[in-house]
Amino acid sequence: MPIPTEPIGSIPRSPELVEGLSAFASGRLGQAELDAVTQRAVADTVRRFEATGSPVVTDGEQAKSSFATYPLDGATSLAGDGAVIPFADGHTRRLPRLTGGPFRYASFAEKYLRAVSHHTDLPVKQAVIAPSALSLLYPSDGLADYPREEFLADLVDQSEADIRRCLDAGAASVQMDFTEGRLSLKLDPSRGLLRSFVELNNQVLDRFSDEERARIGVHTCPGGDQDSTHSLDVDYAELLPDLFALNAGRFYLQLASEPDRERVLRIIGDHAPAGAVVFLGVIDPIDPRVETPEVVRDRVLQAARFLPADRMGTCDDCGFSPFADDTSTSRDTAFAKIAARVEGTALAAEALGV
């Protein structure tokens, strides 16, 4: 079987969509007009994915305001002064803060999957946000009429529903985005926060059968917003053993941007679950240089010294534009990098005889 290769998530929004979002925010464009612009962006994204030879496609998150907060689109009982995520270049992103319960998703990822399916016959992958990320919505001083334990129970139910609806709608795979995993070690080096995140995510994963979990993966990276990260300075070795305690059938790991890839590969080889497929990042979305297929091939061949080919896949380190206003990478550059990943993975498979 050839080595599988998959995108992670976001693609820079089309120029028409960037302008449409600005016009919508200023009241110059209505919702129906914005929806039409978004659907054209989705169709173009799928077409360009297909042109790269990618065996799996996504919508590139064209319709998401961000990878993390799409379930909150249209939600009430939220304030704007939630947890702050600082990035290495000094900019920040801020999550909302929950002001009351019960917690319910206002939007499910299934709708993005169905929108893509109209434009392609290829397998479609859908990214969802991990419940651990949304657990950060709960205020540190609590809510008088909505205990944290009740919130977490509701959150687990909603996260399960988000994944299950995607599987039932025909997703080839569902990827749980867990970028807060590495960041948690900066906030709490004792690993207590990380392990609470893993436990919470496993409460959701454990509700699925072994067959279903084979189609569910977990993605981790040190962030990648506006060409900056939030936790690349945290030693990957501190994260990986606990990450592999997640009961997922697939792991999508940032690797291309690691300064010592061989050290990380050795840790992955030692700790990755025997039954899981590990997709290794061979493309760095933050680096403006487009990798050649030969660079990708060589990264895969290096990885094959630590993981057998039948347990390995390739991916991008992370999404190219996780927030809608991130235009730091061009759309053309993103698809050139994806094409290099697809071709380079095929070259590696040929060299390995698989």
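Right above here is the structure, for reference.
Residues numbered from 1 in each chain as written. Predicted model: local features only at pLDDT ≥ 70, side-chain atom pairs only at ≥ 80, totals over all residues. Heavy atoms only, no water.

**Describing the overall build of the protein chain**
Scanning the protein chain from terminus to terminus reveals 12 helices and 11 strands. Relative to a compact globule of 354 residues, whose C-alpha radius of gyration would be 20 Å, the protein chain shows 19 Å and is just as compact. Considering only C-alpha atoms, the protein chain reaches an extent of 60 × 50 × 40 Å along its principal axes. Within the protein chain, counting contacts between residues at least 6 apart in sequence, those at least 24 apart form 79% of the total. In the form shown here, the protein chain has an accessible surface area of approximately 14,100 Å², with 51% of it arising from carbon and sulfur atoms. Mean positive and mean negative side-chain charge positions of the protein chain (35 and 54 charges, respectively) differ by 1 Å. (Helix = DSSP H or I, 4+ residues; strand = E, 2+ residues; numbered from the N terminus. Rg over C-alpha atoms; globule rule 2.2 N^0.38 Å. Contact = heavy atoms within 4.5 Å. Areas by Shrake-Rupley, 256 points an atom, 1.4 Å probe, with all protein chains shown as cover. Lys, Arg positive; Asp, Glu negative; His and termini not counted. Charge placed at Lys NZ, Arg CZ, Asp CG, Glu CD.)

**Quick look at helix α10 (residues 261-271)**
Residues Val264, Leu265, Ile267 and Ile268 constitute the buried set of α10. Seen from one end, α10 has its buried residues packed into an arc of 160°, which puts them on one side. Among the structural elements, α9 (236-243), β9 (250-253), β10 (277-283) and α11 (293-303) are those in contact with the buried residues of α10. (Buried < 20%, exposed > 50% of the residue type's maximum accessible area, 1.4 Å probe, protein only. Arc of directions from axis to C-beta.)

**Looking at the nonpolar core**
Counting 85 residues, the largest nonpolar core has Phe103, Leu253, Ile268 and Leu280 as its most contacted members. Aside from chain neighbours lying at most four places away, what touches Phe103 is Leu72, Leu98, Leu134, Leu137, Tyr146, Phe151, Asp154, Leu155 and Gln158. (Core = buried A, V, L, I, M, F, W, Y, C linked by side-chain atoms within 4.5 Å.)

**What about the side chain of Thr220?**
You can see Thr220 is positioned in strand β8 (residues 216-220). For Thr220, the contacting residues outside a window of four places in its chain are Phe178, Tyr236, Leu239, Leu243, Tyr252, Leu253, Gln254 and Asp317.

**Observations regarding unusual backbone geometry**
Cis geometry marks the peptide bond from Gly101 to Pro102; its omega dihedral reads 0°. Tracing the sequence through the fold places Pro102 in the loop between β5 (97-98) and α3 (110-117). Phi at Ser77 is positive, roughly 60°, even though this residue is not glycine. Mapped onto the elements, Ser77 comes out in the loop between α2 (31-51) and β2 (78-79).

**Quick word on the state of the cysteines**
Counted by the stated rule, this structure contains zero disulfides. Cysteine Cys221 is unpaired, with the sulfur of Cys318 as its nearest cysteine sulfur at 4.4 Å. Given the relative accessible area of 3%, Cys221 is considered buried. Cys315 carries a free sulfur, and the closest cysteine sulfur to it, the one in Cys318, is 9.6 Å from it. (Disulfide = S-S within 2.5 Å.)

**Remarks on the side chain of Thr345**
Position of Thr345 among the secondary structure elements: in helix α12 (residues 331-352). When its relative accessible area of 2% is taken as the criterion, Thr345 is described as buried. A polar side-chain atom of Thr345 sits 2.7 Å from the main-chain carbonyl oxygen of Arg341. Beyond its immediate chain neighbours, meaning those up to four positions away, Thr345 contacts Ile3, Pro4, Thr5, Val296 and Thr314. (Polar contact = N/O pair within 3.5 Å; in protein donor to acceptor, adjacent residues only side chain to side chain.)

**Observations concerning helix α5 (residues 148-168)**
Because each turn of an α-helix spans 3.6 residues, side chains separated by three or four positions end up pointing in the same direction. Look at α5: 30 Å from first C-alpha to last across 21 residues, which is about the 30 Å you get at 1.5 Å a residue. The positive-phi residue at the C-terminal boundary of α5 is Gly170, with phi of around 105°. (Expected span 1.5 Å × (residues − 1).)

**Let's talk about the sheet that holds β9**
Within the open sheet, the seven strands sit side by side as β1-β11-β10-β9-β8-β7-β6. Their pairing is parallel. Looking at strand neighbours, the two that pair on one side only are β1 (5-6) and β6 (125-129), the edges of this open sheet. Packed onto the sheet, α5 meets β6, β7 (173-177) and β8 and runs at close to 175° relative to β6. Across the sheet, α11 is in contact with β10 and β11 (312-316); its angle to β10 comes to roughly 145°. (Pairing = 2+ DSSP bridges. Axes fitted to C-alpha atoms, helices over the stretch in contact; angles between N-to-C directions.)

**Quick word on the packing of α9 against α10**
Relative orientation of the contacting elements α9 and α10 amounts to 20°, with a least axis distance of 10 Å. Accordingly, the angle class assigned to the pair α9 and α10 is roughly parallel. As for how α9 packs across α10, the hand of that crossing is right-handed. On the side of α9, the interface is formed by Tyr236, Ala237, Leu240 and Pro241, while α10 contributes Arg263, Val264, Ile267, Ile268 and His271. Classifying every residue of the contact of α9 with α10 gives seven nonpolar, one polar and one charged. (Parallel < 35°, antiparallel > 145°, perpendicular 65-115°, else oblique. Left-handed = near helix turned anticlockwise from the far one by under 90°. Nonpolar A, V, L, I, M, F, W, Y, C, P; charged D, E, K, R; others polar.)

**Here's the deal with the packing of aromatic side chains**
Tallying each qualifying case throughout the model produces 11 aromatic pairs. Between Phe103 and Tyr105, the ring centres sit 5.9 Å apart and the planes meet at 80°, which makes this aromatic pair edge-to-face. For the pair shown, Phe103 and Tyr105 are each scored as buried. Put simply, the rings of Phe103, Tyr105, Phe108, Tyr138, Tyr146 and Phe151 pair up and form one aromatic cluster. Sitting over the face of the ring of Phe323, Arg93 holds its NZ or CZ atom 4.0 Å from the ring centroid. (Phe/Tyr/Trp six-rings, centres within 6.5 Å; stacked < 30°, edge-to-face > 60°. Lys NZ or Arg CZ within 6 Å of the ring centre and 35° of its normal.)

**What about the environment of Arg114?**
Along the chain, Arg114 turns up in helix α3. In sequence terms Arg114 and Val84 are 30 residues apart; their C-alpha atoms lie 32 Å from each other. Only 2.7 Å separates the side chain of Arg114 from the side chain of Glu110, close enough to count as a polar contact.

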